[in-house]
Amino acid sequence: MLENLWQEKGFTALLITHDVEEAVVLADRVILIENGQIAMDCYIEMPRPRQRGNSVFSAKVEAILQRVMGQKESSKDAEKVAIGR
């Protein structure tokens, strides 16, 4: 419902969530904040509507979850997340 309203009205929204899948479905950009600092800034460059279970979607969610769980990504992995591969 939120995504449909956003597409219809074209407004800017800030959504705070702990659900990584929800963030990837809805967001153009996912930002992880740790200790008051931006720890990860991930652009979600996937067409809409986004489908859970899609291999690209699943890879994006997994990369973000690994970072959230404290597994620092390599610079190569960070690049893949940033460009949506």
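Residues numbered from 1 in each chain as written. Predicted model: local features only at pLDDT ≥ 70, side-chain atom pairs only at ≥ 80, totals over all residues. Heavy atoms only, no water.

**Topic: helix α3 (residues 55–68)**
- Along its 14 residues, α3 runs 20 Å from first to last C-alpha, staying within 8% of the 20 Å computed at 1.5 Å per residue.
- You can read the cap of α3 off the contacts: a side-chain oxygen lies 2.7 Å from the backbone nitrogen of Val56, and it is on Asn54.
- Gly70 sits one or two residues past α3 and shows a positive phi near 95°. (Helix = DSSP H or I, 4+ residues; strand = E, 2+ residues; numbered from the N terminus. Expected span 1.5 Å × (residues − 1). Polar contact = N/O pair within 3.5 Å; in protein donor to acceptor, adjacent residues only side chain to side chain.)

**Details of the pairing of strand β1 (residues 29–34)**
- As paired strands, β1 and strand β2 (residues 37–43) are joined by six bridges and run antiparallel to one another. Pairing of Val30 across the sheet is with Cys42, part of β2. (Pairing = 2+ DSSP bridges.)

**Quick word on the confidence of the model for the protein chain**
- Looking at the protein chain as a whole, its pLDDT mean stands at 85, while 82% of the residues score no less than 70.
- Taken element by element, the protein chain is modelled with least confidence in helix α4 (residues 75–83), mean pLDDT 50, and with most confidence in β2, mean pLDDT 95. (pLDDT = per-residue confidence, 0-100.)

**Focus: the pattern of salt bridges**
- Evaluated as defined, the whole model comprises seven salt bridges.
- In this structure, Lys9 engages Glu8 in a salt bridge whose closest nitrogen and oxygen atoms are separated by 3.7 Å.
- For Lys9, a relative accessible area of 55% puts it in the exposed group.
- Taking relative accessible area as the criterion, Glu8 reaches 61% and is therefore assigned exposed.
- Residue Arg52 is joined to Glu21 by a salt bridge in which the shortest nitrogen-to-oxygen separation is 3.0 Å. Separated by 31 residues along the polypeptide, Arg52 in the loop between β2 and α3 and Glu21 in helix α2 (residues 20–26) bring together distant segments of the chain.
- Assessed through its relative accessible area of 48%, Arg52 is described here as partly exposed.
- Each of Glu3, Asp28, Arg48 and Arg50 takes part in one network of salt bridges that share partners. (Salt bridge = Lys/Arg side-chain N within 4 Å of Asp/Glu carboxyl O. Buried < 20%, exposed > 50% of the residue type's maximum accessible area, 1.4 Å probe, protein only.)

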